[in-house]
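Below, each chain spelled out in residue letters.
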Amino acid sequence: MEDSRGWVRQNVKRLARRFLNHSGQLEEERERLFLKHGSELLAELVTCCKDKCRCNPIKSFTAEQVLRATNYFQHSFFDDGDSNWYKGTLDDRPVLVKKYSDQGPSSVAYRDIAISSQMSSHKNSLKLLGCCLEFPGPAIVYEDAENTHLRSKNVDGLSLSWNMRLKIAKEIANAITYLHTAFARPIIHRNIRASSIFVDKDNVAKLCNFGDSISIPEGETHVSVLVQGVLGYLDPVYFRTSNVTEQTDVYSFGVLLLILLTGRRVIDYDRHENICQFVVNLVENERFKEIVDHKILEEGGGTNEEQELQLQAFLKLALCCINQEIEERPQMIDVAKELVKIQKVHRLTHGAELAHPN
C-alpha cells in the first residue's frame, strides 16, 4: 500500500513538472496545440453558426488552470468512452471538466463545444463555461451540476421518486425539442442516454454530450452518416439504413423513458435482453405491474387507480417512441407536450390526496 502511494505521489510530481514547467519546448508545444485546436474549433463554430445561430462566449482556460482544478486529472468519476469526467474548482467555483482522449478525433470535441455553446442558454442544458485547447485532447469546462449523474446502471440505486422521474423526462424532452426546432436546421443529438444527463442541486435535469450531434440539411428529412451509438439506445432503423432523422432521437428518448419507468439497465447481460425486449414481452403478456419499478409501486403505500392510469400513459408514450416504424413515432415536440399532460395528472392526483388524506 505504501509503495503504491509513493508511486502516485511520484507520478503527480512528474505530471506537475511536465505541465507546469514553463520551458521553451513545452510552451512551444502548448502554443502549437492551441493554434491547431483553435483554428479547427473556429471552423466548427463558423459551420454551426452560419445559419445565424447564436453562440455564447467561450472562455479559454490554460492547461495549468485545468490541471490544478482537477488535481492533474487524478480522479475521474465517469469514463464516457472517448472522454473522462472530473470534478474540480476553477475561479473559486465548482466545475465539471470533460477531458477528451489524446488519441480520439478532436472533431467530436469541437462539435461538443460548438453545440454546447448554442445550448447553454437553455435551462435544461449543461452550461458551458469554456475550454482548454492546450492538451492533445481538448478539455471542456462546464458548470457543476452538484448533484447526480444519471447513469442507467444507477437509476435503481438513486431511489428517484416517480415525480422526479417525470420531471427529468419532461425537462430532457424540452431540451431535445429545442435542438430539433429552435435552429435553422434541426440538430439531432444522436447520443440520448442516461449518462448524457445530469441533475443539479435544484433537481433540474441537464442534457450534455453534443459531440455526436449532426444537422439535417435544409430541405431534407434525413442525413446519411456512419452508424454509431450506444447498444440498447440505438435506433434500429438508423442502424439498418444509416439515415439519421429526428425520430432517431425519439427512439433513444423512448428507451430512456423505459429506464425511468422500470429502474432497469438498458441491457441485462445475464438474460441477454435489452430493455425494449423486456418491456414488450411483458406488455404482450399483460403483466403491467412487472414493468414498473417496485419503488414506484411502493410509494405512499401503493398506487391508486389514477396513478396506474398515469403510469400506463407514460408506458404507452414510451412504446410509441420505440415503434419499429419511424412514421408511427411522434415528433419530440408532441412527446414533450404529452409529458406535460402526464405530469399535470400526477400533480392533480397528488394534490387531491393531500386535500383528502382519508
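Up top you'll find the structure we're talking about.
On a predicted model such as this, the values are computed, not experimentally measured, just so you know.

Novice: It is not clear to me how the packing of aromatic side chains should be interpreted in this structure. Could you clarify?
Specialist: Inspection of every chain in the model, using the stated rule, returns six aromatic pairs. Both rings, one in Trp85 and one in Phe198, keep their centres 5.1 Å apart while their planes meet at 55 degrees; by these two values the pair is tilted. With Trp85 in strand E3 (residues 83-90) and Phe198 in strand E9 (residues 197-199), the pair connects residues that are 113 residues apart, well separated along the chain. For Trp85, a relative accessible area of 0% gives the class buried. With a relative accessible area of 3%, Phe198 lands in the buried category. The interplanar angle of 75 degrees and the centroid separation of 5.0 Å between the aromatic rings of Trp162 and Phe314 together place this pair among those described as edge-to-face. Residue Trp162 is found in helix H6 (residues 162-181), and its partner Phe314 is found in helix H11 (residues 305-321); the two are separated by 152 residues along the sequence. Comparing Trp162 with Phe314, the two get one shared label, buried. Aromatic ring contacts, followed pair by pair, group Phe73, Tyr86 and Phe135 into a single cluster.

Novice: Got a minute to help me understand the pattern of salt bridges in this structure?
Specialist: Close approach of charged atoms allows side chains of opposite charge to pair. Counting across every chain of the model gives 15 salt bridges. Close ionic contact of Asp91 with Lys59 constitutes a salt bridge, the shortest N to O distance being 3.0 Å. Pair noted here: Asp91 is in the loop between E3 and strand E4 (93-100) and Lys59 is in strand E1 (residues 59-60), with a separation of 32 residues, a long-range link. Judged by its relative accessible area of 44%, Asp91 falls in the partly exposed class. On the basis of relative accessible area, Lys59 is assigned to the partly exposed category, the value being 41%. Note that Asp80 is salt-bridged to Arg193, the shortest N-O span being 3.1 Å. One end of the pair, Asp80, is in the loop between strand E2 (76-79) and E3; the other, Arg193, is in the loop between strand E8 (187-188) and E9, with 113 residues separating them in the sequence. Like Arg193, Asp80 is buried. Each of Arg264, Asp268 and Arg271 takes part in salt bridges that share partners, so that together they form one network.

Calculation criteria
The residue count restarts for each chain, going from 1 along the sequence in the order it is written. Totals for whole chains, interfaces and linings use all residues, but because this is a predicted model, local features are given only for residues with pLDDT of at least 70 and pairs of side-chain atoms are given and counted only at 80 or more. To get the side-chain values, take all heavy atoms of the structure and skip hydrogens and water. The aromatic pairing rule takes the rings of Phe, Tyr and Trp, using the six-membered ring of Trp, and pairs them if the centres are within 6.5 Å, calling planes under 30 degrees apart stacked, those over 60 edge-to-face and the rest tilted. The secondary structure listing takes helices from DSSP runs of H or I that are at least 4 residues long and strands from runs of E that are at least 2 residues long, numbered from the N terminus. Each residue gets one of three labels from its accessible area relative to the maximum for its type: buried under 20%, exposed over 50%, partly exposed in between, using a 1.4 Å probe on protein chains only. The salt bridge definition used is simple: a Lys or Arg side-chain nitrogen within 4 Å of an Asp or Glu carboxyl oxygen.

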